[in-house]
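# Remarks on the overall topology
Residue-level listing of the chains:
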Amino acid sequence: MDEILTGVVVDETGTLTLAEFACACGTETTWVLDLVAEEVLHPAGGDPEGWRFGGQELTRARRFQRLQRDLGANLDAVAVILELLDEIDLLKGRLRRAGLE
Amino acid sequence: MEFKDYYRIMGVAREASQDEIKRAYRQLARKYHPDVSKEPDAEVRFKEVGEAYEVLKDPEKRAAYDQLGSNWKSGQDFHPPPDWNTGFEFSGGFGGNGAADFSDFFSSLFGGAPRQRGSGGYKARGEDHHAKILIDLEDAFSGATRTLSLRAPQLDSQGRMVVANRTLNVNIPKGIRAGQHIRLAGQGTPGMGGGAAGDLYLEVDFKPHSLYRAEGRDLYLDLPLAPWEAALGATVTAPTPGGSVQVKVLPNTQAGRKLRLKGRGIPGGPPGDLYLVLQVALPSADSELAKTIYQTMARDLAFNPRRSLGV
């Protein structure tokens, strides 16, 4: 295929609506609503109509999904694991900046 | 295609109970889960284990698989015998990215999603698909076109969903950063019954660069200085992605200090910065001259680097 595809960049900040986001995660909107209620996801905007999800939320949601599905962990446990993974990412970033990684 | 010995992959005996198989999966999943594993081939092993478990955990699929016999060895050239699965009914969908992760061996035995049901009947939008794309830092600076190979669900000539290799040419926009996604509309899983195809999300990450470390929009570079440059100050040449520049180093610069070159990071609105992390490199004391100079410094400079330690 010689066609060159041009996509839209999904920024860290919000561009995806609730429906688009659920679709991108391959889930129902109820699953997304649960995660926002549990404060695992933090979309921009006030109410579900106005929520906008960004690429960072997409990565977190899919990471959450993998842990939940693949390890059979419950929602609370996965939320904790996710926070720990976020912290590890942060620390790795610091190591990289210091040239130690 | 290659035969896969699912029992060997899971490290269980052919007579293992469902409980033993479940336990084995738990241990292996934890060991190789991509989000937490330290193993280098974690991703591949995790998919392998996942596929093996998919078959062995389901009594129906396991029974059918056992029918192939215990004489096959992993890696052997294999084709499923005709009508090998007569009498078995495999249920369970392969939604999302599960299907794309299964090997040809699995697909040939257990197939993908069912054929389109009826004419004009079941219509559904295809699911979105995700893949990771590794690009060079230079691609983010100037934009580029990259070719990407991925395994994804597609419709074959008979309208069945199969998992096959695909090659795409993708525009990498200038200013793209690690962690961002490129959303390609309509390039995901094909729809059913005439439904629209889903989208393809490409998660962008940078390959390690020999010089620069990327953090969001910013770049970091270790810049070595000679001891006299750090001590006396100097104007030195530093590389940047956009070409070499002259930077002024102040006198009495200690190692670890950062010099910020504004706007010389990844392009964007606003562009990122390039941080030069100053390091001091010592000339080696190989020659007699070098040794003499060092000894002079030792003798005449009265310098105790460990004074702050109280020794």
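Up top is the structure these notes are about.
Each chain has its residues counted from 1, following the order in which its sequence is written. Following the order in which they are written, the chains are lettered starting with A and the ligands numbered starting with 1. Where local features are concerned, this predicted model is filtered to residues with pLDDT of at least 70; where side-chain atom pairs are given and counted, the filter is 80 or more; whole-chain, interface and lining totals use all residues. Think of the side-chain values as coming from all heavy atoms in the structure, minus any hydrogens and water.

### Some points on the sheet that holds strand 7 (residues 218-225) of chain B
Our working definition: At least two DSSP bridges between two strands are required for those strands to pair. A helix here means a DSSP run of H or I that spans at least four residues, while a strand means a run of E at least two residues long, and both kinds are numbered starting from the N terminus. For helices, the fitted line uses only the C-alpha atoms of the stretch in contact; every axis is such a line through C-alpha atoms, and the angle between N-to-C directions lies from 0 to 180 degrees. In what follows, a contact means two residues having at least one pair of non-hydrogen atoms within 4.5 Å.
Strand order in the open sheet formed by four strands is 6-7-11-10 (chain B), and the pairing between neighbours is mixed. One side of each edge strand has no neighbouring strand; the edge strands of this open sheet are strand 6 (213-215) and strand 10 (258-261) of chain B. Neighbour to neighbour, the strand axes of the sheet diverge by 30° on average, direction disregarded. Bridge analysis of strand 7 of chain B against strand 11 (residues 274-280) of chain B gives seven bridges, and the strand direction is parallel. Pairing of B:Y220 across the sheet is with B:Y275, part of strand 11 of chain B. Sheet strands in contact with helix 4 (residues 75-97) of chain A are strand 6, strand 7 and strand 11 of chain B, and its direction is about 140° off that of strand 6 of chain B.

### Thoughts on the interface of chain B and chain A
The cut-off we apply is this: Values labelled buried area give the accessible surface lost by two parts on being combined, using a 1.4 Å probe and summing over both. Think of a polar contact as two N or O atoms within 3.5 Å of one another; within protein, one of them needs to be a possible hydrogen donor and the other a possible acceptor, and neighboring residues in sequence only count if both atoms come from side chains. By the convention adopted, Pro, Cys, Tyr, Trp, Phe, Met, Ile, Leu, Val and Ala count as nonpolar, Lys, Arg, Asp and Glu as charged, and the other residues, Gly among them, as polar.
Listed per partner, the contact involves 36 residues of chain B and 31 residues of chain A. Here chain B packs against chain A, burying approximately 2900 Å² in sum over the two surfaces, 52% of which is carbon and sulfur. Of all residues in chain B, B:D35, B:H181 and B:R183 bury the most surface against chain A, accounting for 21% of the area lost on that side. Scanning the region where chain B abuts chain A turns up 12 residue pairs in polar contact (both at pLDDT 80 or more). The set of elements that each furnish at least two residues to the side of chain B that touches chain A consists of helix 2 (18-32), strand 3 (161-172), strand 4 (181-184), strand 5 (200-206), strand 6 and strand 7 of chain B. Among the elements that take part in the side of chain B that touches chain A, strand 3 of chain B stands out by supplying five residues, more than any other. A breakdown of the residues in the side of chain B that touches chain A according to their chemical character gives 14 nonpolar, 11 polar and 11 charged.

### Observations concerning the nonpolar core
All names here are of chain B. Put simply, the test is: What we call a nonpolar core is a set of buried Ala, Val, Leu, Ile, Met, Phe, Trp, Tyr and Cys residues that are connected through their side-chain atoms within 4.5 Å. Three exposure classes are used, based on accessible area relative to the maximum for each residue type with a 1.4 Å probe and protein chains only: buried under 20%, partly exposed in between, and exposed over 50%.
Among the nonpolar cores identified, the biggest contains 37 residues, and L202, V247 and L276 are the most heavily contacted of them. Excluding its chain neighbours within four sequence positions, the residues that come into contact with V247 are L223, A234, T235, V236, A238, L259, L261 and L276. Core analysis: the second largest hydrophobic core is formed by 27 residues, Y32, F46, V55 and F110 among them.

### Quick notes on the pattern of salt bridges
Let me state the cut-off plainly: Criterion for a salt bridge: a side-chain nitrogen of Lys or Arg within 4 Å of a carboxyl oxygen of Asp or Glu.
Scanning the entire structure with this criterion turns up 17 salt bridges over all chains. A salt bridge links B:E54 to B:K57; the shortest N-O distance between them is 3.8 Å. Judged by relative accessible area, B:K57 falls into the partly exposed class, the value being 39%. One continuous salt-bridge network, built from bridges that share partners, spans A:E20, B:R125, B:D128, B:R183 and B:D199.

### Some points on the state of the cysteines
Residue and element names in this part refer to chain A. Selection criterion: Working definition: a disulfide is two cysteine sulfur atoms within 2.5 Å of each other.
Tallied over the full model, the rule gives zero disulfides over all chains. Its sulfur unpaired, C23 is 9.3 Å from the next cysteine sulfur, which belongs to C25. On the basis of relative accessibility, which here comes to 25%, the residue C23 falls in the partly exposed class.

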